[in-house]
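If you want the building blocks of each chain, they are given just below.
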Amino acid sequence: MPKVEEMTWDSSYDSVLLGGAENSTISEKHETVLKEHINYHDEMKKFLERCLHIGQTEGKMAASVYFKQNKPSKPKASLGNLFEQNSQRLHQSVEEMQRFLKSKLKNQRLQEQHALNYSVTQSWEEISLQIEKHSLICNHKKKQALVPDLNLGLLLESGSQIHQREKILKSVTGTFDKWITKNTQISARHARRLRALAKTFQPFPRLAELGLTTTEVCNKLSIILKVLEIPEYKNFWSQTN
């Protein structure tokens, strides 16, 4: 019998699905300012080379006149505190998001998580039936309620690991994504997103008490992830009442 290896989740994929990669690129404003300074230094290089040539061929006085009349203007935006200002704004945004999230806390729990048996020791037949049932329920809701979607995400994660195990044992074929597409009414990408969201929220029980929809959470997720990097805030959301 083939050896069944322990299934692991590639956490680097979580940040891509959840928007965490957003902070890896500079903003449009940063890009504009940097390009202005690049152009300025290109112009300044040509200007100084021309000034040097005039000084060598026409003399100091001619070079002085050329310098005063043709010196390129510096960009209005300074490079000195460009990223420091952005860092300060980000920090303020994190504080504002923490206050916003606390204002949205409700006295609700991830109760269904304990009712559903999220265990990778289940059979593929058992877990697949649960996924079909709960994905259908979530899909029929007008609003994407956070708690049911988190539960579905955890269920999908268990299902993915069981599917991998059964595939190694040659009990199933194909990929979990293809099975999701064929047997449920949610897309494979949305399923991966729910899995990543559930895994992100799992260490922070209080986040499951937010009175927000899944869409609202996903739209704010990049800054929520920043909130969870602050030790004080991380500790707050890790607690249970």
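Structure first, text after, so check above.
Here the structure is a predicted model, which means the values were calculated and not measured.

## Regarding the pattern of salt bridges
Applying the stated criterion across every chain, the model contains six salt bridges. For Lys35, the salt bridge is made with Glu31, and the minimal N-O distance between the two is 3.0 Å. Of the two residues, Lys35 and Glu31 both sit in helix α2 (residues 28-58), four residues apart, roughly one turn of that helix. By relative accessible area, Glu31 is classed as partly exposed at 35%. Lys226 is paired through a salt bridge with Glu229; the nearest N and O atoms lie 3.9 Å apart. Judged by its relative accessible area of 54%, Glu229 is exposed.

## Considerations on the environment of Pro72
Structurally, the position occupied by Pro72 is in the loop between α3 (60-70) and α4 (82-103). On the basis of relative accessible area, Pro72 is assigned to the buried category, the value being 13%. Placed 27 residues apart in sequence, Pro72 and Lys45 show a C-alpha to C-alpha distance of 10.0 Å. Apart from the residues lying within four places of it in its own chain, the contact partners of Pro72 are Tyr40, Glu43, Met44 and Phe47.

How each quantity is defined
Residues numbered from 1 in each chain as written. Predicted model: local features only at pLDDT ≥ 70, side-chain atom pairs only at ≥ 80, totals over all residues. Heavy atoms only, no water. Salt bridge = Lys/Arg side-chain N within 4 Å of Asp/Glu carboxyl O. Helix = DSSP H or I, 4+ residues; strand = E, 2+ residues; numbered from the N terminus. Buried < 20%, exposed > 50% of the residue type's maximum accessible area, 1.4 Å probe, protein only. Contact = heavy atoms within 4.5 Å.

In short, the description is geometric, and any link to function would need to be established separately.
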